[in-house]
Amino acid sequence: MRTAERFAIRPRLDGWVFSNGPEYPGAKGTLEYFRGAIELKGDFTGGGDYVAVTHRVEASDFNELRFKVKSSVMQIAVRFRDSQRQVHQHFVSVGLNTDDWIELAVPVVGSPRNHWDGANDGVMRGPVKEISFVVHKIHFAGPKGSALIKDVRLCRNTTPPEVPLNIAKFDPAEATANGRASLEKQQGALILEIAGNQPFSWPGVNLKPQNGSSYFDLSGGEVLAMEVTNLMDYPASLRCQIENLGANGSEFCVKGGRGFEPGETATMRIRFYRNGVAPDDVVFEAVQNPFEGLRGANNLDVKKITNIMLFELTPMRDLKFAIRNIRVEEPWRGVSGAVKSAKTFYPAIDVYGQYKHKEWDGKTHNDAELAAARQEEQADLAAHPRPAGWNRFGGWEAGPAFEATGNFYPKKYNGKWWLVDPEGKLFFSHGIDQFGGNEVTGIALRERYFEGLPERDDPASREFWGNPTPGAGFYRGRKTLCFDHYSSNLKRKYGRDYRNISRRLFQERSGSWGINTMGNWSWSDYVRLGRTPYVIFGETYRDCPPIRSQLGGSRAPFVDVFDPKFEEGIIASLSRRWKAAVNDPMCIGAFVDNERKYGDGTTLAEAVLRSPADQAAKREFRRRLEQKYGDIAKLNAAWKSSYASWDAFLNETALPDLNTAREDLKVFDKAIIDRYFQGCRNAVRRFLPGKLYLGSRFERYENVPRPEVVAAAAKYCDVLSFNLYCYSVADFRLPDGIDKPILIGEFHFGTIDNGHANPGITGCADNAERADAYRFYVKTALRHPNFVGCHYYRLIDEHPAGRLIDNENMGIGFVDICDRPYPEMVQAAREIGADMYRIRAGK
């Protein structure tokens, strides 16, 4: 290791300056000297955002900060203030409640995202004049926590990057852990163990360079690969995150993973894009991630990889894996020379809505290829009729028979939950979301991105232009014209009657592909042909006033569930599109809302207190408190408050002392959530008699719902619903004491190997691996006693140029923007559809 220590900061209190983040009032804390270390304590029970300690620096010839830390925080931030007073902030993973000292190294470089003051452009200028260690509230295990820091050194490191990781020379004792995880070496393999059921949401280990460098070099290939063996006797999955400095799970990193059968050894491969090829004037805005070579959130500086993290999200069972042969694969093919100048890069999207400057299998180059693809698919569909063992609903024709009610209903049979179809046959809902007919992207401010857009007043293409519509992300607050490349391609492919042809085709596809459910977000006119069961969706937030909460879900506020308009608003939402579903036996039931957030146990009640006096929920809170305490003086005594009267309580919008009011807030918060699910159930029952209330599609990707929220839903939902973006659902468990059927509302697998720049939430290296991931995932759902279905998100790839509502541009569909199915995904779905009842029955 070629390093030289330039400056050591001794942990003396007179050299460090404490800050409680005064721009975000409420945080408390202290700076203390403890056994040769500085101890930074934070207390956020009264609010605030961060606590920090800062030290001035006099040395200049260094490029790396090293220090040791022991803490009760997930991440610690390091700030550098350069000679022109710009602050650059980098987040470094530590792991909750570390018992041993962990040594960390942070390169002294600019931060492309977290920077302020001075030039405010993320470029480090001149020597560093000040360093800070910062702990943010969101990274503490609770409202209070601390971090011990010692041996702070500024160094000059000239060691070249490691390529990429030699297990034979790797010392697992030097690896750091996130949460409860451990690493050791046995017979040339790294043995990784991760404890299940722990509070840390992404436990695992950090594999950092051990040759003395701050970086790995992955420039030799396009894929990071490793052999992984599942050492458990049950299915399990593992994830990998490749990080640049500043990685936070969504930026400056690339993620992938794989599921493994018990004892299985297989290759886990993570494909990555690199940045730095295109000059600064080559940009592609309004997407979550741009194409390879451009600077973007998930395009890597491949010669400056700071960490390879192996982990799993919220594992519910213990995991144990053997890791061998970590390597790079697929020598880099380079990018088109068109990427290297703005003159040649624009336009970057062709007339079909595809990325111009890359080739891949299945790319459409002309209308003749579209016509040929139509003929090929017709022959394929004719050769693959719907599974012979299905009845007209897609239920298990040869399976046992139960009461035929004319509607779907849940039933537990032989220890597993099922749905029963209207004819009384067992049914597993194998679905795809968003059967519909468009895929639009914003045009305004990006006109040069697109090739061959027709004139807006051209009669032949006028229908593909959307009126100015407010978007989100890049277009937040601005209205923009949008263009529908997918529908335009449908017309090219099927002619003037393309809409009716595509409706019939989608029904034919679903049966041929082994899909028996049109999932959420599907268009009402696409499901009315009556050949495929479907689910519908309603919302709470359009016709009912919100409470003053920052919580959302589907970009929506949490509504006042005590307002008289609450249930009526849901019915109005359902009736706008779904009146025909009321007496349709193909309708399984309704979701209400999507991925709603419920806070930490008092968040919703706090929002009610911040609401005005005429808010129905606030009046209800007053009624309950008045019933409990009677006299306002008794409430003041309990809360240490000073309300002059109950009317004064109603009119006050400032929060009381949350510590003294906490128990009453928790009780009312629980009442809000209970009323939410009760009202949703009531509305669905009233609008859709006999149909199922399918819940609100809990998110369990990073925001795991609290057990009491799931328990409230279980009281009222016929079927619970979760959106589970992972590689396996084998270890999924409901909270203790709850046994309900579950429908998976969303999951997907994407890749950047087919002209896209964003692989989605659960990425794969290519389409073949997407298909393998699909098979494995659905099989784990079929074997699980609680799941009664799983719906893939979604049918059509998101627009490569970004969808208007939030800039997503994921390559995750069953068909591309030219309406060409991905054969690997179709084959995987067919295999599952043909075999799913045998698998579900355990035969």
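Residues numbered from 1 in each chain as written. Predicted model: local features only at pLDDT ≥ 70, side-chain atom pairs only at ≥ 80, totals over all residues. Heavy atoms only, no water.

Q: Looking at this model, I keep getting lost on the nonpolar core. Mind explaining?
A: Most often, soluble globular proteins have nonpolar side chains that are buried together. Counting 161 residues, the largest nonpolar core has F284, F677 and Y774 as the members making the most contacts within it. Among the elements that line this core, the one with the most residues is helix α11 (residues 658-687), at 13 residues. If you look at the next biggest cluster of nonpolar residues, it comprises 35 residues, including I167, M226, M268 and I305. (Core = buried A, V, L, I, M, F, W, Y, C linked by side-chain atoms within 4.5 Å. Buried < 20%, exposed > 50% of the residue type's maximum accessible area, 1.4 Å probe, protein only. Helix = DSSP H or I, 4+ residues; strand = E, 2+ residues; numbered from the N terminus.)

Q: Is there a simple way to think about the side chain of R803 in this case?
A: In this structure, R803 sits in the loop between β39 (787-792) and α14 (823-840). Accessibility expressed as a relative area gives 12% for R803, which makes it buried. A distance of 2.9 Å separates polar atoms of two side chains, one belonging to R803 and the other to Y793. In this structure, R803 is in contact with E439, V440, Y793, E798 and E808, ignoring residues within four places of it in sequence. (Polar contact = N/O pair within 3.5 Å; in protein donor to acceptor, adjacent residues only side chain to side chain. Contact = heavy atoms within 4.5 Å.)

Q: Explain the sheet that holds strand β25 (residues 409-413) to me, please; I cannot follow it from the model alone.
A: Sheet strands associate in pairs through backbone hydrogen bonding, adopting either a parallel or an antiparallel arrangement. Strand order in the open sheet made by the 3 strands is β25-β26-β27, with antiparallel pairing throughout. The sheet is open, and its two borders are formed by β25 and β27 (426-427), each paired with just one other strand. Direction of pairing for β25 relative to strand β26 (residues 416-420): antiparallel, over a ladder of 5 bridges. The residue bridging Y409 from the neighbouring strand is V420, located in β26. Sitting on the sheet, α14 touches β26 and β27, and the angle it makes with β26 is about 130°. (Pairing = 2+ DSSP bridges. Axes fitted to C-alpha atoms, helices over the stretch in contact; angles between N-to-C directions.)

Q: Explain helix α8 (residues 616-629) here, please?
A: A turn of α-helix holds 3.6 residues, and therefore any two residues three or four places apart point the same way. With 14 residues, α8 extends 20 Å from end C-alpha to end C-alpha; this agrees with the ideal 20 Å at 1.5 Å per step. Taken as a whole, α8 has its buried residues at A616, A617, K618, E620, F621, R622, L625 and Y629. The inward-facing, buried residues of α8 abut α7 (603-609), α9 (632-639), α10 (646-651) and α11. (Expected span 1.5 Å × (residues − 1).)

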